[in-house]
Structures are given as structure tokens and as C-alpha cells.
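Topology and contacts: notes
In case you want the letters, here they are:
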Amino acid sequence: MKVQQLSCALGAELVGVDLGEAVRNDDLFGEIRAQLLKHRVLFLRNQQFSRAEHVAFASRFGALEDHPVAGSDPEHPGLVRIYKRPDQPNDRYENCWHSDTTWREAPQFGAVLRCIECPPVGGDTMWANMALAYERLPDTVKAQIADLRARHSIEASFGAAMPIEKRLALKAQFPDAEHPVVRTHPDTGEKVLYVNGFTTHFTNFHTPARVRYGQDANPGAADLLRYLVSQAYIPEFQVRWRWEPNSVAIWDNTATQHYAVMDYAPCHRKMERAGIVGSVPY
Ligand code: SIN
């Protein structure tokens, strides 16, 4: 296996690896997992595997889960279809830096995404290293956010454009989750900045230590959240990947955020993502 680092912040391309073989080969799978924890997002080209092999490979990391809004392949539960037609006004959702499913109590551990069809140019995906983003925060900000917690909402993101009855039903099924603003990575022990496009507000900002008068709470809390969310936008923390059919990305969803660039209308783009169940953040 050849490992080619793609940016100083994160990301490496694996050359000479067949993910179909990694379904059966424990040593190869173990090496891929180790590289994932090191580089946070791995990229491979020309992976000619079947949907069943896609599911089987991703399942080696853990159980897969469907998405309550995006549909899955009917014959392969756990394989979510991200089929985009940006010429359709309701099909523009990807434009937001996020970590998948942080609106769940236990957000996903990671994902394996394969490109089925992509535009001749455009439709790249970007990732940001949120452990690095945390590390580079000023010490004063680190002290300010050490004990903060925040809400993450499917209702206010995927649900926002739904009719109210459907939105409330979605919220009843997936009540807003609360997570620490600084999460500890369960495998590496690193601290990770853990707010993103699904985060609506801090839940314990309004204390006497931070708020002298009620007026301090907002915009104080909103400004701080906006500043933290904007760390993912910093190019020094990022890598950008150009897709071809049968390219694959595997990412660590705890330590990264990503953004699928929707710049390719009127072309279409088809991706299939196996999302791996994760653990409750601490
Ligand atoms: C995602 O947000 O998981 C999908 C990323 C992509 O389509 O590039």
C-alpha cells in the first residue's frame, strides 16, 4: 500500500489497495483503519466493487444505519443514496459544513462514500480537521469553551423546509441532541472542536461567570458559536478532493467536518454513502 498525503492538515490517498479484498483480509483492513485514524480521511480511485461489497467493507468498522430523510438503496439497507440534481430548487442541501448526524445521541463514527456519477468538473468535497482546529484555538477561547455544551438539531436543518406536521414528527423521532463543544476522540484521546452546521445554540452559556446582565447572553453566545463554527472554513485546516466514478472516500466523522460543493448545475451527481454507527460523545 502506498500512502500519499494530500494536504498538511489531513487526508491521504491510498494507492494499490482493493477495498473488496479488505472485506476478507484482516491485516489489510487493520492497516486501513490505522491510516484512517492517522490521516482522518482516506481516498482511493478505481474501486470496482459491488454495492454488497461496499456495505460489507463499511460494516467491518461497525453497524450501518439509514438516514431518516435521505433514502437508502432498497436492496442494500445502510447504503444511503445522495443523488443530487441542483437544477431542482429543493435539492440544494449539501451547502453546509457539517459532521454527519450530530443530531443523533450517538453520531456516526465514520462513512464510506463512493462516487457513482459526477459532473465533468465541479462537485468536489472538502474536509476540515477539527482536532487541528481545536489545537490552534487561542488559549483564552479554549478556557472559555472547556465546559460548554450545545444542541444539534435535525428539525432545524433537514426538517426546516418540511410542512409543520412532518417537521414535528421528525423532531419527535429525533429530539435535539446535546453534545460537548469540545469532544474527546474515543480512539486517539485528542480534543476535537465539535460544533457544526447542525448546532443551534449553547445550552449552558448563561451562567453568572459569563453573563453579568441578561444582555450579555446574546449576541455573546451567538457570536461565540458563529466563531467556532467558522473554524472549519479556514483553508489551512482543509483538504479538497476531486471525484471520478468509482472514487471512494472514507472519513473519521469525529475528527472532521465536510462540505460537498454544489457548483455543478445543471449537471447531476450520484454518490452512495455507508454511514457507520458511532458512540455517545464525551
Ligand atoms: C455527505 O455529506 O456525507 C456527502 C458528501 C458528498 O456528497 O460529497
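A brief report on the enclosed structure follows. (Residues numbered from 1 in each chain as written. Predicted model: local features only at pLDDT ≥ 70, side-chain atom pairs only at ≥ 80, totals over all residues. Heavy atoms only, no water.)

1. Comments concerning the sheet that holds strand E14 (residues 256–260)
Consider a sheet: its strands pair through backbone hydrogen bonds, and that pairing is either parallel or antiparallel. Strand order in the open sheet formed by 3 strands is E12-E6-E14, with antiparallel pairing between adjacent strands. Two strands lie at the open edges of the sheet, namely strand E12 (238–241) and E14, each paired on one side alone. Each neighbouring strand pair of the sheet contributes to a mean axis angle of 20°, computed without reference to strand direction. Strand direction decides the pairing type here: strand E6 (residues 125–129) and E12, joined by 4 bridges, are antiparallel. Paired with Thr 125 across the bridge in E12 is Trp 241. (Pairing = 2+ DSSP bridges. Helix = DSSP H or I, 4+ residues; strand = E, 2+ residues; numbered from the N terminus. Axes fitted to C-alpha atoms, helices over the stretch in contact; angles between N-to-C directions.)

2. Concerning the packing of aromatic side chains
Under the defined criterion, the tally for this structure stands at 12 aromatic pairs. Arranged with centres 6.0 Å apart and planes meeting at 75°, the rings of Phe 29 and Phe 57 form a pair that is edge-to-face. Placement of the pair is Phe 29 in helix H2 (residues 26–39) and Phe 57 in helix H3 (residues 51–59), with a sequence separation of 28 residues. Since its relative accessible area comes to 1%, Phe 57 is described here as buried. Through a chain of ring-to-ring contacts, the aromatic side chains of Phe 43, Trp 127, Trp 241, Trp 243 and Trp 251 assemble into a single cluster. Here Arg 183 stacks its cationic end above the ring of Tyr 194, 5.0 Å away from the centre of that ring. One Lys or Arg, Lys 270, reaches over the ring of Tyr 83 and ends 5.1 Å from the middle of that ring. (Phe/Tyr/Trp six-rings, centres within 6.5 Å; stacked < 30°, edge-to-face > 60°. Buried < 20%, exposed > 50% of the residue type's maximum accessible area, 1.4 Å probe, protein only. Lys NZ or Arg CZ within 6 Å of the ring centre and 35° of its normal.)

3. Some remarks on the environment of Glu 178
Examined against the element boundaries, Glu 178 turns out to sit in strand E8 (residues 177–180). Considered as a pair, Glu 178 and Thr 203 are 25 residues apart in the sequence and their alpha carbons are 7.9 Å apart. Aside from chain neighbours lying at most four places away, what touches Glu 178 is Glu 105, Arg 149, Ala 150, Arg 151 and Thr 203. Within polar-contact distance, the side chain of Glu 178 engages the side chain of Arg 149 at 2.5 Å. (Contact = heavy atoms within 4.5 Å. Polar contact = N/O pair within 3.5 Å; in protein donor to acceptor, adjacent residues only side chain to side chain.)

4. Quick notes on unusual backbone geometry
The omega torsion of the bond from Asn 218 to Pro 219 falls at 20°, within 30 degrees of zero and hence cis. The topology assignment puts Pro 219 in helix H7 (residues 214–229). Cis geometry marks the peptide bond from Ala 265 to Pro 266; its omega dihedral reads 10°. With respect to the helices, strands and loops of the structure, Pro 266 is situated in the loop between E14 and strand E15 (269–276). Positive phi, close to 75°, is recorded for Arg 40, a residue that is not glycine. Its place among the elements puts Arg 40 in the loop between H2 and strand E3 (41–44). Arg 40 gets classed as buried once you look at its relative accessible area, which sits at 9%. In this structure, Thr 101 is a non-glycine residue whose phi angle is positive, near 55°. Turning to its location among the elements, Thr 101 is positioned in the loop between strand E4 (79–84) and strand E5 (110–117).

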